[in-house]
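Geometric and topological summary
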Amino acid sequence: MTVLDPDVASARAAAHRDRLSTWVGPHLERRQRHEAHPVLDFLFTYYSEPPARLLRWHAGVGASVTGELAEERLGWPLYTRLPDGSVGLDVAAYRAKRGTSAGWVAGLLGATAGRAGQFGCFGLHEWAMVHRGAPRHGAVPLRLGPAGTDAVVESHRLQCTHVDAYRFFTPTAAPRNALTPTRGTQVALEQPGCLHAGMDLYKWAYKLAPAVPGELLADCFELAVDIRVLDMRASPYDLAGHGYPPVPIETAAGKADYAAAQRGFAARGQALRARLLAVCDAVL
């Protein structure tokens, strides 16, 4: 166990809060005004981590703190005072409460990390979610209109591998997909090129807390933000008025831009996946 210097730990905690306040602060202000954001709200609604908990910094498994930070963390779940007087993760309690779920997450992350990325989906999952149906973001217009959006879906081969994207396909789009992802096939199908698999690294990071160091959680959150922006820029919605110019995946140039960005996110995701797997190994 590494006992962190109190000044170092306090600086890391403050840096974590400042880093994530970049998104948490504006989100809370919008929420107070009852103002929706078609791109960024997803990070606080679809993903369930409360903003206040997101701002908490954890030293992570294998490290402990002393002083004021220690006393504060004694009131947080799954922390304990260690024999040397410092406060850190209660590994035995963590295994008892989270061991099964952490094992499942480790299996998913390991299986995903071991596969080659697929880069031919072009973000059509968002298009398939409105095929011959009503837009899911009613206040944002469709860039090509309903008929144009349907035509894009019908002129492409859908090949979504992610259950939590596929489950929102409309009844007319679902049969067009090359696969039928389910929760039972998630470990067998998830692959590192998938934008949703990359965003979900944030979910696994906060679900593994407090074993995950704050810096790793923040890295996963920032990746999720960047992916979400591409996800919606490549979607059928016209978000230019919100500051998000389109990535027109219905064109050859748009497809090339999307795939290039997707490859970059996949590389970032694989590095974060390896760090999360190391956390799983340490607690299991």
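Presented here is a report on the structure given in the accompanying data block.

About the criteria used
Residues numbered from 1 in each chain as written. Predicted model: local features only at pLDDT ≥ 70, side-chain atom pairs only at ≥ 80, totals over all residues. Heavy atoms only, no water. Helix = DSSP H or I, 4+ residues; strand = E, 2+ residues; numbered from the N terminus. Rg over C-alpha atoms; globule rule 2.2 N^0.38 Å. Buried < 20%, exposed > 50% of the residue type's maximum accessible area, 1.4 Å probe, protein only. Contact = heavy atoms within 4.5 Å. Pairing = 2+ DSSP bridges. Disulfide = S-S within 2.5 Å. Core = buried A, V, L, I, M, F, W, Y, C linked by side-chain atoms within 4.5 Å. Salt bridge = Lys/Arg side-chain N within 4 Å of Asp/Glu carboxyl O.

1. Brief notes about the overall build of the protein chain
The number of helices and strands found in the protein chain is twelve helices and four strands. Taking 19 Å as the expected radius of gyration for a compact globule of 284 residues, we find that the protein chain reaches 21 Å, a close match to that expectation. Along the three orthogonal principal directions, the C-alpha set of the protein chain runs to about 65 × 40 × 30 Å. The buried share of the protein chain, taken over its 284 residues, is 50%. Pairs at least 24 apart in sequence give 71% of the contacts found in the protein chain among residues at least 6 apart.

2. Details of the sheet that holds strand β4 (residues 87-89)
With mixed pairing, four strands are arranged side by side in an open sheet as β1-β2-β4-β3. The sheet terminates laterally at β1 (2-3) and β3 (79-81), the two strands that pair on one side only. Relative to strand β2 (residues 63-65), β1 runs parallel, the two being bridged by two bridges. Bridge assignment links Thr 2 to a residue of β2, and that residue is Ala 63.

3. Concerning the state of the cysteines
Applying the stated criterion to the full structure yields zero disulfides. Of all cysteine sulfurs, the one in Cys 194 lies closest to Cys 160, which takes part in no disulfide; the gap is 6.1 Å. Note on Cys 220: no disulfide assigned, nearest cysteine sulfur contributed by Cys 280 at a separation of 11 Å.

4. Section: the environment of Gln 191
Tracing the sequence through the fold places Gln 191 in the loop between α9 (186-189) and α10 (195-207). Relative accessible area serves as the criterion here: at 5%, Gln 191 is assigned to the buried category. Remark: the alpha-carbon pair of Gln 191 and His 162, spanning 29 residues in sequence, is separated by 8.4 Å. Apart from the residues within four sequence positions on either side, Gln 191 is in contact with Thr 112, Ala 116, Gly 117, Gln 118, Thr 161 and Ala 197.

5. Considering the nonpolar core
The tendency in soluble globular proteins is for nonpolar side chains to be buried side by side. Among the nonpolar cores identified, the biggest contains 72 residues, and Phe 169, Tyr 202, Phe 221, Ile 249, Tyr 258 and Leu 276 are the most heavily contacted of them. The biggest single contributor to this core is helix α11 (residues 214-233), with eleven residues. Filtering out sequence-adjacent residues up to four positions away, Ile 249 remains in contact with Phe 122, Leu 124, Trp 127, Val 152, His 156, Ala 234, Gly 254, Lys 255 and Tyr 258. Ranked by size, the runner-up nonpolar core spans twelve residues in total, among them Trp 57, Val 65, Leu 69 and Ala 70.

6. So, unusual backbone geometry
Residue Ala 209 is joined to Pro 210 through a cis peptide bond whose omega torsion reads 5°. For Phe 122, which is not a glycine, the phi torsion comes out positive at approximately 55°. With respect to the helices and strands, Phe 122 occurs in the loop between α5 (91-113) and α6 (124-128).

7. With respect to the pattern of salt bridges
Two side chains bearing opposite charge may form a pair once their charged atoms approach each other closely. Under the definition given, this model contains 16 salt bridges. As a salt-bridge pair, Arg 132 and Glu 154 come within 2.8 Å of each other at their nearest N and O atoms. Here Arg 132 is found in the loop between α6 and α7 (145-154), whereas its partner Glu 154 is found in helix α7, with 22 residues between them in sequence. Given a relative accessible area of 31%, Glu 154 falls into the partly exposed group. Counted as one network, the salt bridges with shared partners bring together Arg 19, Asp 219, Glu 222 and Arg 275.

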